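# Descriptive structure summary
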Amino acid sequence: MTSKLTGTVALVTGASSGIGAATARQLAEQGASVALVARRKDRLNDLAAEITAAGGAALAVEADITDSAQAAAAVQRAVEHFGRLDILVNNAGLMLLGPVVGADPTEWERMIAINVQGLLHTTHAALPHLLKAAEDDPRQVADIVNISSIAGREAWNGYGVYNLTKFGVNGFTESLRKEITQRHVRVGVLEPGGVATELASHNDHKPEIREATAAFYEQTEVLQPEDIADGVAYMVTRPRHASIGELWIMPTDQA
C-alpha cells in the first residue's frame, strides 16, 4: 500500500534520540526515506537498522551541524544517496536553563550554536534542494519544519538565553515563510511544551531549576517524543495547499 510520504526524502537533525528519533520513525512509517543526522554515530546506526528492518529506508549521517561545512556535507550526502530532498526537520536542540547573572557563558555559546546557528546551516544547505524538488513536480510540495518550543512565545524566569534562541527560531521561521511562500516550499514551526526528553536532563544538576519546574511536572501529563513526531507528520502530510505556519502541542493539565 502506498503511504502519504512514499517517494519523498526527509532529513532529520538531532535524530539520535528523543523527538528526532521518534520523528524519523514516524516519517519512515509514512513511507519517506529518512536521512538521520546527529553526532552520536552508534545511535544513528542502530536507528537506521531498526527502520530498515521494519521495511523502510534510512541513512545514518554523522555530523555536527554547528559546523557549516559538516551541515552542508550531511545534506549533500543525503541528496546523493536518495536522489532528492523533500522534507527538512530542524530538530537538533539544547536546553540549558539558569539566570543570566552568574551564569557560565560557555553554556550560552553551546546553546546558541546548536539551536540557532545549526538550524541556519542546515536550512541554507537544504533549501536549494527543497526548492528543486518542489519545482520539478508542480503537483508536489516540499516542507521545512522547525522544532522550537513554547519558550519561543513566552518568557520565564531562568529561561533567558534559551528563550532568546527559541524566539529567534520562531522569528526566522516566519521570515523564511514570507520569503519562499510562493515557491511551493511550506515553512512551519512546531512549538511543544513539557516534553520528556534528554533535553531536560541537562539541567538535572541544578537544584533551582528542579524546584522551579517541580509543580509543573506534578500537575501535568508530560508529553512524549512520539506526540511531537505525530505533530510533524501532521504538518507534512497535509494536502498540498494546506499550510500550517505554527503548531502548538501542549500537555494535559491533570488538575
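The preceding data block contains the structure.
Structure report, in brief. (Residues numbered from 1 in each chain as written. Predicted model: local features only at pLDDT ≥ 70, side-chain atom pairs only at ≥ 80, totals over all residues. Heavy atoms only, no water.)

## Considering the pairing of strand S8 (residues 246–249)
Side chains Leu247 and Ile249 of S8 all project onto a buried face; the interleaved residues Glu246 and Trp248 project onto a face where none is buried. Pairing of strand S6 (residues 185–192) with S8, which is carried by four bridges, proceeds in the parallel orientation. Within S8, the residue paired with Glu191 across the bridge is Trp248. (Buried < 20%, exposed > 50% of the residue type's maximum accessible area, 1.4 Å probe, protein only. Helix = DSSP H or I, 4+ residues; strand = E, 2+ residues; numbered from the N terminus. Pairing = 2+ DSSP bridges.)

## Regarding a negative patch on the surface
Side chains of Glu221, Glu226, Asp227 and Asp230 sit close together on the surface and give a patch of like negative charge. For the negative patch, the element with the highest residue contribution is helix H8 (residues 225–236), accounting for three residues. On the secondary structure map, Glu226 appears in helix H8. Using a relative accessible area of 44% as the deciding quantity, one classes Glu226 as partly exposed. (Patch = residues over 30% accessible without salt bridge, like charges linked within 9 Å, V, L, I, M, F, W, Y side chains within 5 Å. Areas by Shrake-Rupley, 256 points an atom, 1.4 Å probe, with all protein chains shown as cover. Salt bridge = Lys/Arg side-chain N within 4 Å of Asp/Glu carboxyl O. Lys, Arg positive; Asp, Glu negative; His and termini not counted. Charge placed at Lys NZ, Arg CZ, Asp CG, Glu CD.)

## Some thoughts on the packing of helix H4 (residues 105–136) against helix H5 (residues 160–180)
Two numbers describe how H4 lies on H5: the axes approach to 9 Å, and their chain directions differ by 15°. Considered as vectors, H4 and H5 are oriented roughly parallel to each other. The handedness of the crossing between H4 and H5 is right-handed. Facing Trp108, Met111, Ile112, Asn115, Val116, Leu119, Leu120, Thr123 and Leu127 of H4, the residues of H5 in contact are Val161, Tyr162, Leu164, Thr165, Lys166, Val169, Phe172, Leu176 and Ile180. Residues of the contact of H4 with H5, tallied by class, amount to 14 nonpolar, three polar and one charged. (Axes fitted to C-alpha atoms, helices over the stretch in contact; angles between N-to-C directions. Parallel < 35°, antiparallel > 145°, perpendicular 65-115°, else oblique. Left-handed = near helix turned anticlockwise from the far one by under 90°. Contact = heavy atoms within 4.5 Å. Nonpolar A, V, L, I, M, F, W, Y, C, P; charged D, E, K, R; others polar.)

## Considering the sheet that holds strand S2 (residues 33–38)
Pairing is parallel across the open sheet formed by seven strands, whose spatial order is S3-S2-S1-S4-S5-S6-S8. Both outer strands of the open sheet, strand S3 (58–62) and S8, are each paired with one neighbouring strand and no more. Here the average twist between neighbouring strands, direction ignored, is 15°. Pairing of S2 with S3 involves five bridges; the strand directions are parallel. Across the sheet, Val34 pairs through a bridge with Ala58, a residue of S3. Across the sheet, H4 is in contact with strand S1 (9–13), strand S4 (87–90), strand S5 (142–147) and S6; its angle to S4 comes to roughly 165°. Each of S5 and S6 is contacted by H5, which is oriented at about 160° to S6, the strand it contacts most.

## Points about the side chain of Thr165
Here Thr165 shows up in helix H5. Since its relative accessible area comes to 1%, Thr165 is described here as buried. For Thr165, the contacting residues outside a window of four places in its chain are Met111, Ile112, Asn115 and Val116.

## A look at the side chain of Thr122
One can find Thr122 in helix H4. You can call Thr122 buried: its relative accessible area is 2%. Other than its neighbours up to four places away in sequence, Thr122 contacts Thr13, Ile65, Ala71, Val75, Leu88 and Asn90.

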